[in-house]
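# Structural characterization, general
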Amino acid sequence: MRQPGTYSGLLSGGITGRTGPHSLPLARIKKIMKKSGDDVKMISGEAPIVFSKACELFIEELTARSWMVTLQGKRRTLHKDDVATAVIGTDIFDFLVNMVSDSTSRDDTQGETSVEERIFVKP
């Protein structure tokens, strides 16, 4: 079993030396990091841990904003359109707009309202 490193405490809310299992697979994170460019050859053991925590925080923030959209629609199930609406309506997620716009525009051709319409028009 993997021994906790210096930054492993980040995953449990503080640097205490005691941690549980990582929420996201560190080997997968390291593989993604290496595929990011030919220049990336060596990655320290702590770097994937920091990336893991950053990914967790990103997922939590996007989920919270998407959940607010779900509740505005008076539903209890989060759908991909809720995520798309949250992405389009939040400046910090602008780097994802093209990705969600492509998927929602395909849905729009099937007679659904666009994500942009749901942002500005209250149901």
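Here, the structure is the one placed above.
First things first, this report covers the structure right here in the doc. These figures come from a predicted structure and were not determined experimentally. (Residues numbered from 1 in each chain as written. Predicted model: local features only at pLDDT ≥ 70, side-chain atom pairs only at ≥ 80, totals over all residues. Heavy atoms only, no water.)

The subject of this paragraph is the overall build of the chain. Secondary structure assignment for the chain yields five helices and zero strands. Moving toward the C terminus, one meets the helices and strands of the chain in the order α-α-α-α-α. For the chain, with 123 residues in total, the buried portion stands at 26%. For the chain, restricting intrachain contacts to residue pairs at least 6 apart in sequence, the fraction spanning at least 24 positions comes to 41%. For the chain, the accessible surface area stands at approximately 8,900 Å², while carbon and sulfur atoms represent 58% of it. (Helix = DSSP H or I, 4+ residues; strand = E, 2+ residues; numbered from the N terminus. Buried < 20%, exposed > 50% of the residue type's maximum accessible area, 1.4 Å probe, protein only. Contact = heavy atoms within 4.5 Å. Areas by Shrake-Rupley, 256 points an atom, 1.4 Å probe, with all protein chains shown as cover.)

Take the pattern of salt bridges next. With the rule as written, the count across this model stands at two salt bridges. With its nearest N and O atoms 2.6 Å apart, the salt bridge here joins Glu-61 to Arg-65. Note that Glu-61 and Arg-65 are positioned in helix 2 (residues 47–72) at a spacing of four residues, about one turn of the helix. For Glu-61, a relative accessible area of 32% corresponds to the partly exposed category. On the basis of relative accessible area, Arg-65 is assigned to the partly exposed category, the value being 27%. Arg-75 is paired through a salt bridge with Asp-82; the nearest N and O atoms lie 2.5 Å apart. Classification of Asp-82 as buried rests on a relative accessible area of 3%. (Salt bridge = Lys/Arg side-chain N within 4 Å of Asp/Glu carboxyl O.)

What follows covers the environment of Lys-34. Mapped onto the secondary structure, Lys-34 falls in helix 1 (residues 26–35). If we skip the residues at most four places from it in the chain, Lys-34 touches Val-40, Lys-41 and Ile-43.

A word on the packing of aromatic side chains. Applying the stated criterion to the full structure yields two aromatic pairs. Taken together, a centroid distance of 5.7 Å and an interplanar angle of 90° make the contact between Phe-58 and Phe-93 edge-to-face. With Phe-58 in helix 2 and Phe-93 in the loop between helix 3 (80–88) and helix 4 (97–108), this residue pair connects regions lying 35 residues apart in the sequence. Look at Phe-58 and Phe-95: their rings are 6.2 Å apart centre to centre, the planes differ by 40°, and that puts the pair in the tilted class. Of this pair, Phe-58 sits in helix 2 while Phe-95 is found in the loop between helix 3 and helix 4, placing the two residues 37 residues apart along the sequence. (Phe/Tyr/Trp six-rings, centres within 6.5 Å; stacked < 30°, edge-to-face > 60°.)

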